[in-house]
Amino acid sequence: MNYIKKMSVFVLILFPVLYFLPWWAGVIYCVIIGAMAESNISAIQIGSSTLTITWAIILFYRWIIGGEILMARVATMMNVNNSFMLAIIILILPIIIGGVSGLTGILIRKAID
Amino acid sequence: MKYIKAIISIFFLIGITILLNNKMGNIPPLATFLDPFHGFLSLVNSDIHNKNILNFDEIQNEVKLIIDENHVPHIFAKNDYDLCFTQGYITAFDRLWQMEFQTMAAGGRISEIIGPKALPFDQYQRRIGMVYSAEKGLIETMKHKNVYSGIEAYADGVNAYINSLNWDQYPIEYKILDYKPEKWTPLKTLLFLKTMAFSLSGRSSDLDFNKLWDKIGMEDLNDLYPEFPNYLDPIIPKETPFAKPIKSIPFPDSLYRANPYQDKVLIQPDARIGSNNWAVDGSKTKSGFPLLSNDPHLGLTLPNIWYQIHLNTPEFNVYGASLPGGPCVISGFNDYIAWGETNGGDDVWDWYDIVFKSNKMNQYFYDNEWLTTEKKIEEIKIRGEKSFIDTVIYTHFGPVVWTHEGQTKRMHNERNQSGEMLSVGRALRWLAHDSSAESKTFYELNKAKNYQDYVDALQYFTCPVQNFVYADIDGNIAIWHAGNTPQKWKNQGRFVMDGTNPQYNWNDAIPHNEKAHIKNPKRGFVSSANQHITDENYPYYLGPWFVESFRGERINQHLTSLKNATFDDFIEIQTDNKNLMAERVLPVFLSVLNDTLLKPHFIQPVAELIKWNYFFDADKIAPTIYNEWIDQFENLVWEDELGKSYDEILWPDYARLERLITKEQNSKWIDNINTNKKELFSDLVYKSFENTINLLTQEVGQLSELWFWGNYRGTDILHLAKIPGFGVENLSTGGGKLIPNATRKHFGPSWRYIVEMSSPPKAKGILPGGQSGYPGSKYYDNMLEEWRAGELRDINSSSNPEDINGKVIIINGENS
């Protein structure tokens, strides 16, 4: 419960950050929240899930409100079978980036400590 | 250890961030592109106009902009500036990437976007003087203040739209190719017009004719490539009298013979790029009003080359197809007149051999003196690399295209008669390099009220030469062959010419009133389909070849028999799939097979051909067999004597082939010169049929639905930058070359429209795609199926905005 609460707060803060700043602002953000984690594993988890959930919310929202044709065309462009596969590929990015960022955060903290 | 771990992790993170933030080869910057906040998904619904009110400092009076259910903008403005500004704004809203990309291509700037692989293309564009041509056009256009201010207003409108965008809102192609739009300028509008001029007049056969002269001699050359074909149904009816020219053009003392073998033209527009247009007078229509049709056959792409628009001011009310990149309507109608174009096909692209004093190319020999060249430094910026610098030499003919190391042709050194070493290059003389203001023609046509206005407007049209069909509410119909084709001696420009001899220089243009034209002909219709303009009676030489007249002849068959014509009759002609050449040659072919013992697997294909009505319908097998058969036969006839393929050397056209099949079966061209045996006509017919069946079986298997013309040939309408998924492939379409419905694999009717010149006019039109250039829009390709099925949508061109349903946007409203 505590984990969910914490992550919800992180997502709520990240949302405007990503809305107004480029995607790599999420990298910096996940480094910071990773530094606050208790272990390497939890730093990866928190970074990865915060970034992925934030991306997923806006991804599915835009897909639903009129992005069907565009998703299908981009899926073809990227040589993936369908829009659903494209969504998965899109979300793999924040999983990796968020995880690496979180881990980097905690490793920096440990180095400083 | 903990420091090392942290440092490795930091470097790794920075590494993947940089990697995902940058374009790698053809792959867009992945994270930037896929980021759902700012990447491609930020464009969702970007085709929808959210605002009801817009304000711009530049707009002087209130403008009402209505976007109708077809996504066509209707602009109601009170003056020309506001109108053109809004046209620029709304066109950019729907087509910004397309209009900018096309002008960058015209200006030889694609390397800036995609890197060094576009360098040969860019260099060629610079070498043929595309920018030079646009700059000269701009200077001439500036002399016509009202026209130029319209182009400036258009640019202001485009820039207002660009300035309203941030990275998130850039069209998707910018995100994929990772660059940004730049400021729009009037020069870009001119560049766009010049790229149309290149598409429609940039095809060159001079080198081919020189090679053929060497290969088969002048007599056979004239036989195989006659100026006028056997079957001729010209645009201006046969035996129309023409006035004699005031001055005659003298022939040179002897015909210069160039060396064509070092050169190969890098980019050739399609040979059969063309269009149909026609108009009938009230005596042939049910309503008693003239009807006019136009369908330009150009490259089929998404976004479409055309953009429908309705423009209204208190002075005029016009609707039609505009070109994204410039103001006005190009093919359309107003409340008084209607017009539409087909390509003229005149030879206005010639090559001259230039003798330089030295390989520095500072001076060249002309008319017994050394003239000084001009040099223009071209910097071609290349993405990810340092710029390529090219020096283009200009003579009084035009730019020297082939001289440079690494270009398609290197400068070669030759000795003159005295044994002196000379440096030789080859210059391009192209009508589009002349000072001209084609925009003035469209500006005037948009506002024209009668026949004289139309004729006056056409005098400004220089290049590409076009056939402008006309109809008006007074019941008149007409067609003019408009453009400044030079007065040439017969066959001037058929071969590469001598750049030292003034007898080869181009003369003045054909005077405007002597350009081929006809008004209200007795037969009650005018038409053109890129065929010969006139018969031999016309006193001016226009070019060495024109598109075969099968298509025009078929249209004229319809128009001749037409009574009580309606829109439906015109649609039937636009989508007519009958191939007149097939009607003439197939019975000859089949009669040969009839005398032969057929192999078992020939029987069914022959049966398909026997029952065929010569219509290239999508759901028929016979067109596939015939089309391949005639190509195979053509190969067997020409390849042995002339060369390997159509691309390497120009083969005689289908009109000449048809004559050979129907009238010259014992011709020497039938025999294969590479065999000891003497082949007969019947041998070639049988062999070509056998090749056809073998090839089709190999390609698509045993005779089945896969042999249907719509499946075998079909049509691909690809994205302009050929981005996978952004185009439509394998559309089942009928039609083809030599047929009124000129739909082919990648070319075809790029805009179909019909207008009845009642008062007010009634019209229908369709694009092979849609109005929006945004691939996520339903308006991107929503007209495609109707276009494929040969249907047209009703056009609303009311001058009363209350009559037009759609989203209303008020610009600079009086209350805002």
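Keep in mind the model is a prediction, meaning the values are calculated, not measured.

1. Some details on the overall build of chain B
Piece 1. Each helix and strand in chain B was counted, giving 21 helices and 30 strands.
Piece 2. Against the compact-globule benchmark of 28 Å for 816 residues, chain B has a radius of gyration of 28 Å, which places it among compact chains.
Piece 3. C-alpha extents for chain B along the principal axes are approximately 80 × 70 × 70 Å.
Piece 4. With 816 residues in all, chain B has 63% of them scored as buried.
Piece 5. Considering only intrachain contacts with a sequence separation of at least 6, the fraction spanning at least 24 residues in chain B is 72%.
Piece 6. A total accessible area of about 30700 Å² is found for chain B, and carbon and sulfur atoms account for 50% of it.
Piece 7. Chain B carries 80 positive and 103 negative side-chain charges, and their two centres are separated by 3 Å.

2. What about the sheet that holds strand β25 (residues 728-731) of chain B?
All names here are of chain B.
Piece 1. Strand order in the open sheet formed by 3 strands is β6-β24-β25, and the pairing between neighbours is mixed. The sheet is open, and its two edges are formed by β6 (301-302) and β25, each paired on a single side.
Piece 2. Looking at chain direction, β6 and strand β24 (residues 715-719) are connected through 2 bridges and run parallel. Paired with L302 across the two strands is H719, which belongs to β24.

3. Let's talk about the nonpolar core
Piece 1. Judged by nonpolar contacts, the single largest core of 215 residues is most densely connected at F40(B) and Y454(B).
Piece 2. Take this core: its biggest share by element is 13 residues, from helix α3 (residues 80-106) of chain B.

4. Describing the interface of chain A and chain B
Piece 1. Facing the 39 residues of chain A at the interface are 40 residues of chain B.
Piece 2. The contact between chain A and chain B buries some 3300 Å² in all, and 75% of this surface belongs to carbon and sulfur atoms.
Piece 3. Where chain A packs against chain B, one counts 1 salt bridge.
Piece 4. The shortest N-O distance in the salt bridge between R73(A) and D781(B) comes to 2.9 Å.
Piece 5. Our count for the chain A to chain B interface comes out at 10 residue pairs in polar contact (both at pLDDT 80 or more).

5. Considering a nonpolar patch on the surface
Residue and element names in this part refer to chain A.
Piece 1. Taken together, the side chains of F84, M85, I88, I92, I95 and I96 define a hydrophobic patch exposed on the protein surface, amounting to about 520 Å² of accessible area.
Piece 2. In this structure, F84 sits in helix α5 (residues 83-112).
Piece 3. Since its relative accessible area comes to 52%, F84 is described here as exposed.

6. What about the confidence of the model for chain B?
Piece 1. Across chain B, the average pLDDT comes to 92, with 96% of residues at or above 70.
Piece 2. Below a pLDDT of 50 lies the segment residues 404-413 of chain B, which in the model reaches 33 contacts outside its immediate sequence neighbourhood of four places, other chains included.

7. Remarks on the environment of L18(A)
Piece 1. Along the chain, L18(A) falls in helix α1 (residues 2-20).
Piece 2. The exposure class assigned to L18(A) is buried, which follows from its relative accessible area of 1%.
Piece 3. For L18(A) and T54(A), which are 36 residues apart along the polypeptide, the C-alpha to C-alpha distance reads 8.6 Å.
Piece 4. Beyond its immediate stretch of four places on either side in the chain, L18(A) contacts W23(A), A25(A), G26(A), L51(A), T54(A), W55(A), F37(B) and H38(B).

8. Considering the pattern of salt bridges
Think of it this way: side chains of opposite charge can pair up when their charged atoms draw near.
Residues and elements named next belong to chain B.
Piece 1. Applying the stated criterion across every chain yields a total of 39 salt bridges over all chains.
Piece 2. Between E182 and R109 there is a salt bridge; the shortest N-O distance is 2.8 Å. One end of the pair, E182, is in the loop between α8 (172-177) and α9 (186-201); the other, R109, is in the loop between α3 and α4 (111-114), and 73 residues separate them in sequence.
Piece 3. For D434, the salt bridge is made with R429, and the minimal N-O distance between the two is 2.8 Å.
Piece 4. What makes R429 buried here is its relative accessible area of 14%.

9. Some remarks on the domain arrangement of chain B
The accessible area lost on association of the parts is a frequent measure of interface size.
Piece 1. Domain assignment breaks chain B into domain 1 (2-199 + 804-811), domain 2 (205-252 + 274-297 + 313-346 + 433-494 + 504-570) and domain 3 (580-712).
Piece 2. Centre-to-centre separation of domain 1 of chain B and domain 3 of chain B, based on C-alpha positions: 48 Å.

10. Topic: the packing of helix α7 (residues 145-163) of chain B against helix α11 (residues 438-447) of chain B
All names here are of chain B.
Piece 1. Where α7 meets α11, the axes come as close as 9 Å, and the angle between the chain directions of the two elements is 95°. With respect to each other, α7 and α11 are oriented roughly perpendicular. In this structure, α7 uses N146, V147 and I151 to contact α11, whose residues at the interface are S439, K440 and Y443.
Piece 2. Its residues placed into classes, the contact of α7 with α11 shows 3 nonpolar, 2 polar and 1 charged.

11. Description of helix α15 (residues 580-594) of chain B
Residues and elements named next belong to chain B.
Piece 1. Over its 15 residues, α15 extends 22 Å from the first C-alpha to the last, a length consistent with the 21 Å expected when each residue adds 1.5 Å.
Piece 2. The largest bend along α15 reaches roughly 30° and is located at L586, with the proline P587 sitting one to four residues downstream.
Piece 3. Burial within α15 is extensive, with 11 of its 15 residues counted as buried.
Piece 4. Those residues of α15 lying buried are L580, M581, A582, R584, V585, L586, V588, F589, L590, V592 and L593.
Piece 5. In this structure, the buried residues of α15 make contact with α13 (550-561), α16 (600-610), α17 (622-642), α18 (654-663) and α19 (681-700).
Piece 6. N-capping of α15 is provided by N579, with a side-chain oxygen placed 2.9 Å from the backbone N of M581.

Criteria and cut-off values
- Residues numbered from 1 in each chain as written.
- Chains lettered and ligands numbered in written order.
- Predicted model: local features only at pLDDT ≥ 70, side-chain atom pairs only at ≥ 80, totals over all residues.
- Heavy atoms only, no water.
- Helix = DSSP H or I, 4+ residues; strand = E, 2+ residues; numbered from the N terminus.
- Rg over C-alpha atoms; globule rule 2.2 N^0.38 Å.
- Buried < 20%, exposed > 50% of the residue type's maximum accessible area, 1.4 Å probe, protein only.
- Contact = heavy atoms within 4.5 Å.
- Areas by Shrake-Rupley, 256 points an atom, 1.4 Å probe, with all protein chains shown as cover.
- Lys, Arg positive; Asp, Glu negative; His and termini not counted.
- Charge placed at Lys NZ, Arg CZ, Asp CG, Glu CD.
- Pairing = 2+ DSSP bridges.
- Core = buried A, V, L, I, M, F, W, Y, C linked by side-chain atoms within 4.5 Å.
- Buried area = accessible area lost by both parts, 1.4 Å probe.
- Salt bridge = Lys/Arg side-chain N within 4 Å of Asp/Glu carboxyl O.
- Polar contact = N/O pair within 3.5 Å; in protein donor to acceptor, adjacent residues only side chain to side chain.
- Patch = residues over 30% accessible without salt bridge, like charges linked within 9 Å, V, L, I, M, F, W, Y side chains within 5 Å.
- pLDDT = per-residue confidence, 0-100.
- Domains from an automatic or database assignment.
- Axes fitted to C-alpha atoms, helices over the stretch in contact; angles between N-to-C directions.
- Parallel < 35°, antiparallel > 145°, perpendicular 65-115°, else oblique.
- Nonpolar A, V, L, I, M, F, W, Y, C, P; charged D, E, K, R; others polar.
- Expected span 1.5 Å × (residues − 1).
- Bend = angle between axes of the 7 residues up to and from the residue.

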